[in-house]
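Structure at a glance
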Amino acid sequence: MTLLDRLHIPIVSVHDHGDIVYANPAAEDMLGYGRNWLTSCKSGSIFRDVAATDTPPLMTEYLRERADTIIELVHWDGSTVRAIVSGPTFLRSSDPVALVSLQNVTERLWNGDPTV
């Protein structure tokens, strides 16, 4: 955990049932939340399309399906942060927790960067 806390790359870990198990300081900074706030909420609080569903998906499946694609996250101020989600670090499909990194591409999209 100490190593993950020191990384400048936003990292989150989410349980199948939506609990955010871990978020490093870089993830909290990217989304504007205070230290340890993210681990007190459900994934629907930050994953915009999960919040919009009537029945939340299994989050490990949700993250696996969206690997290397742009997802929308909810910033503390209510604005949208767009990020590319990595593939989950844990490789077994039976793992109840997914650990992923997030690459903020919001500004690049605003500027019309064709490489996103």
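Structural data are supplied above this passage.
Here the structure is a predicted model, which means the values were calculated and not measured.

Some words on the packing of aromatic side chains
A ring pair, where both rings are aromatic, is described by two values, the distance of the centres and the angle of the planes. Evaluation of the coordinates by the stated rule reveals two aromatic pairs. With a centroid separation of 4.4 Å and 5 degrees between ring planes, the pair formed by Tyr 33 and Trp 37 is classed as stacked. Residue Tyr 33 is classed as buried on the basis of its relative accessible area, which comes to 9%. Their ring planes at 80 degrees and their centres at 5.6 Å tell us that Phe 47 and Tyr 62 sit as a pair that is edge-to-face. Of this pair, Phe 47 sits in the loop between helix H2 (25-31) and helix H3 (48-51) while Tyr 62 sits in helix H4 (residues 59-65), placing them 15 residues apart in sequence. The two residues Phe 47 and Tyr 62 agree in class, both being buried.

Looking at the pairing of strand S2 (residues 20-23)
The sheet contact formed by strand S1 (residues 11-15) and S2 spans three bridges and is antiparallel. Within the sheet, the bridge partner assigned to Val 12 lies in S2 and is Ala 23. Where S1 folds back onto S2 in an antiparallel hairpin, the turn is made up of four residues, including Gly 18, whose phi is positive at roughly 105 degrees.

Section: unusual backbone geometry
Residues apart from glycine generally show negative phi values, whereas peptide bonds are mostly found in trans. For Asn 36, which is not glycine, the phi torsion reads 70 degrees and is therefore positive. Structurally, Asn 36 can be placed in the loop between H2 and H3. For Asp 68, which is not glycine, the phi torsion reads 65 degrees and is therefore positive. The residue Asp 68 is located in the loop between H4 and strand S3 (70-74) in this model. Accessibility expressed as a relative area gives 64% for Asp 68, which makes it exposed.

Some points on the sheet that holds S2
Sheet architecture is open: five strands sit in the order S2-S1-S5-S4-S3, paired in antiparallel fashion. At either margin of the open sheet sits one strand with a lone partner, and together these are S2 and S3. Taking each pair of neighbouring strands and ignoring which way they run, the sheet shows an average axis angle of 35 degrees.

Reading the values: rules and limits
- Residues numbered from 1 in each chain as written.
- Predicted model: local features only at pLDDT ≥ 70, side-chain atom pairs only at ≥ 80, totals over all residues.
- Heavy atoms only, no water.
- Phe/Tyr/Trp six-rings, centres within 6.5 Å; stacked < 30°, edge-to-face > 60°.
- Buried < 20%, exposed > 50% of the residue type's maximum accessible area, 1.4 Å probe, protein only.
- Helix = DSSP H or I, 4+ residues; strand = E, 2+ residues; numbered from the N terminus.
- Pairing = 2+ DSSP bridges.
- Axes fitted to C-alpha atoms, helices over the stretch in contact; angles between N-to-C directions.

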